[in-house]
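Chain and residue survey
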Amino acid sequence: VPKEKLIMAGSGCESTQATIQMTLEMAKSGADAVLVVTPSYYKGKMTSSALVHHYIKVADHSPVPVVLYSVPANTGLDLPVDAIITLSQHPNIVGLKDSGGDITRIGLIIHKTKQSGFQILAGSAGFLLAGYSVGAVGGVCALANVLGAQVCELERLCINNHWQEAQELQHRLIEPNTAVTRKFGIPGLKQAMEWFGFHGGFCRSPLLPLTEQEINELR
């Protein structure tokens, strides 16, 4: 990767100790920042206090900046707003990737953390424009693995206040984004990457490849 590009590597595990170890390994391998998903296996005990304690321990040990990651569709757990506000004060916690898609929540977090220089990233191309409209600074979008140029164009339109064109492009991206995330998931994303000349490859078990019917529908 060119030196002017940043690499943010996922290092979230189910235990604090394992997350710290993975974070140290990612930093040692050259990552510029780490993305730490909420631990969730015992989600009934993943209270604000438990999550704040977890992230502070990780951030204290991490040699690179930490980005929080809330993805309730996969974890069944929304990182609570009060926890995010508390964690935004930590000097080594620099932002949040929010994949929940609740724009009122994202707007509230931006409002409550704006004094600390905390940054919000939209976790999906499906609500990237909405994220920008309430103050997000960017996105981490699965669809960019396939339609990278179009997702970057949407970013350009938003930051240059070309909202009508941005709205039209956002509308066109919603359905393909849903196809390679919620509907067909990782197998769909990998298949689409193959069609666009990238290396998608096979999914790891237990994820299954698409059926012929699913491939036709995705196409």
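Sequence order sets the numbering: in each chain, residues are counted from 1 along the sequence as written. Local features in this predicted model are restricted to residues whose pLDDT is 70 or higher, and side-chain atom pairs enter the listing and the counts only when it is 80 or higher, whereas totals over whole chains, interfaces and linings include all residues. The basis for every side-chain value is the complete set of non-hydrogen atoms in the structure, without hydrogens or water.

Let me state the cut-off plainly: UniProt positions are given in the numbering used here, feature names are shortened, and annotations may be inferred rather than shown by experiment.
Naming follows an unreviewed UniProt entry, where the protein appears as 4-hydroxy-2-oxoglutarate aldolase, mitochondrial of Hymenochirus curtipes. Word for word, the UniProt comment on the protein under Sequence similarities (unreviewed entry) is "Belongs to the DapA family."

Some details on the nonpolar core
Basically, it comes down to this: Put simply, a nonpolar core is a bunch of buried Ala, Val, Leu, Ile, Met, Phe, Trp, Tyr and Cys residues held in one set by side-chain atoms that sit within 4.5 Å of each other. Remark: exposure states derive from per-residue accessible area (1.4 Å probe, protein chains only) relative to the maximum for the residue type, with buried under 20%, exposed over 50%, and partly exposed in between. A helix here means a DSSP run of H or I that spans at least four residues, while a strand means a run of E at least two residues long, and both kinds are numbered starting from the N terminus. Throughout, a contact is declared for two residues whenever any of their heavy atoms are within 4.5 Å.
Counting 45 residues, the largest nonpolar core has Leu68, Leu79, Ile93, Leu96 and Leu154 as the members making the most contacts within it. In terms of residue count, helix 2 (residues 48–61) provides more of this core than any other element does, 5 residues in total. Sequence-distant contacts of Ile93, defined by excluding residues within four places in its chain, comprise Tyr55, Ala59, Val66, Leu68, Leu87, Ser88 and Phe118.

Observations regarding helix 9 (residues 185–195)
Residues that lie three or four places apart on an α-helix share one face, since the helix turns once every 3.6 residues. Where helix 9 is concerned, the buried positions are Gly185, Pro187, Gly188, Leu189, Ala192 and Met193. Lining the buried residues of helix 9 we find helix 8 (163–183) and helix 10 (212–218).

Some remarks on the packing of aromatic side chains
Applied cut-off: Aromatic rings from Phe, Tyr and Trp, with only the six-membered ring used for Trp, were paired whenever their centres fell within 6.5 Å, and each pair was classed as stacked if the ring planes differed by under 30 degrees, edge-to-face if by over 60, and tilted otherwise.
Here the structure, examined in full by the defined rule, presents 1 aromatic pair. Centre to centre, the rings of Tyr41 and Tyr42 are 5.0 Å apart; their planes meet at 90°, and the pair counts as edge-to-face.

With respect to the sheet that holds strand 3 (residues 66–70)
The condition is simple: Note on pairing: DSSP must find at least two bridges between two strands before they are called paired.
Strand order in the open sheet formed by 6 strands is 1-2-3-4-5-6, and the pairing between neighbours is parallel. Sheet topology places strand 1 (8–10) and strand 6 (138–139) at the edges, where each strand pairs with a single neighbour. As paired elements, strand 2 (residues 33–37) and strand 3 share 4 bridges and run parallel to each other. Paired with Leu35 across the two strands is Val67, which belongs to strand 3.

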